[in-house]
Every structure is written in structure tokens, then in C-alpha cells.
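This is what each chain is made of:
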Amino acid sequence: QVQLVESGGGLVQPGGSLRLSCAASGSIFSIYIMNWYRQAPGKQRELVAGITNGGTTRYADSVKGRFTISSARDNAANTVYLQMNSLKPEDTAVYYCNAPTHVRTYWGQGTQVTVSS
């Protein structure tokens, strides 16, 4: 079992920054990639960014150059960060941490990000 706990969401003005965190605990040895997804009202959930155990990253075109994903790992936990800069109103969504394993895919509870003046 893997537990994912997100934090760091909130309300920010356009052009501002936020940093999201996702702490993974439990059977973290089974995780080979961690992703951030987001879902805006009335829209499908979409991939925002991902990072593999080897440090390879990927980003949605809409966030390239503005968002940065990184990770920190020790024996007990794996924490993934999403640094979000130059935020736009269209970035408003619930952001979810995601960790696929060979057995199942785990999701966090989500954290709300609202970009508004």
C-alpha cells in the first residue's frame, strides 16, 4: 500500500507562484514514476507533469517553462514537488498526486489551486 498526501494549494493572483508537495509513504519501493494531474470544473483530468525514479521529467505543453517538478527520496518516504510560477487563471483546478505501480495506481486526495485577482 502507498499513501499520498498533498499540500500547498491555495489562492494566488495571476502571475504569482505556489509550490505543491506530495508525500508518498508505505511501499514506496514499488513506485517507478510520480505524476501531478489536475482537473478543472467541467473538464477531464489531465496530466501536468511527471518524474521517474531516475529523474526524467515530462510536462504538459501548457505548463512548460512555468512549472517544475522535482523529488526528494529517503528510505521512508518519497516527496514530489511542483513549483508553479507565472500562474494563470486557466491553471485553476484541483491538483492530484498520482503514483502508478505494477499492481495498481494510487491517487492523493487533491489540493485546490485557485488563480484569481
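Residues numbered from 1 in each chain as written. Predicted model: local features only at pLDDT ≥ 70, side-chain atom pairs only at ≥ 80, totals over all residues. Heavy atoms only, no water.

### So, the sheet that holds strand S3 (residues 18–26)
Note the threshold: Only strands that DSSP links by at least two bridges are regarded as paired with each other. The secondary structure listing takes helices from DSSP runs of H or I that are at least 4 residues long and strands from runs of E that are at least 2 residues long, numbered from the N terminus. For helices, the axis comes from a line fit to the C-alpha atoms of the stretch in contact; other axes are also lines fit to C-alpha atoms, and the angle between any two N-to-C directions lies between 0 and 180 degrees.
Strands sit in the order S1-S3-S8-S7 across an open sheet of four strands; the sheet is antiparallel. The outermost strands of the open sheet, each flanked by one partner alone, are strand S1 (2–7) and strand S7 (67–73). Averaged over neighbouring strand pairs, the angle between their axes works out to 15 degrees when direction is ignored. Across eight bridges, the pairing between S3 and strand S8 (residues 77–84) is antiparallel. Residue pairing across strands places Cys-22 opposite Val-80, the latter belonging to S8.

### Here we look at the packing of aromatic side chains
Put simply, the rule reads: Here the aromatic set is Phe, Tyr and Trp, taking the six-membered ring for Trp, and pairing holds for ring centres within 6.5 Å; pairs whose planes are under 30 degrees apart are stacked, those over 60 apart are edge-to-face, and all others are tilted. Whether a charge sits over a ring depends on NZ of Lys or CZ of Arg being within 6 Å of the ring centre and within 35 degrees of the ring normal.
Taken as a whole and judged by the stated rule, the model has two aromatic pairs. Between Tyr-96 and Trp-107 the ring centres are 6.4 Å apart and the planes differ by 85 degrees, which places this aromatic pair in the edge-to-face class. Of the two residues, Tyr-96 sits in strand S9 (residues 93–100) while Trp-107 sits in strand S10 (residues 105–107), which places them eleven residues apart along the sequence. Taking the ring centre of Tyr-96 as reference, the NZ or CZ of Arg-45 above it sits at 3.8 Å. The cationic tip of Arg-45 hangs over the ring face of Trp-107; the distance from NZ or CZ to the ring centre is 4.6 Å.

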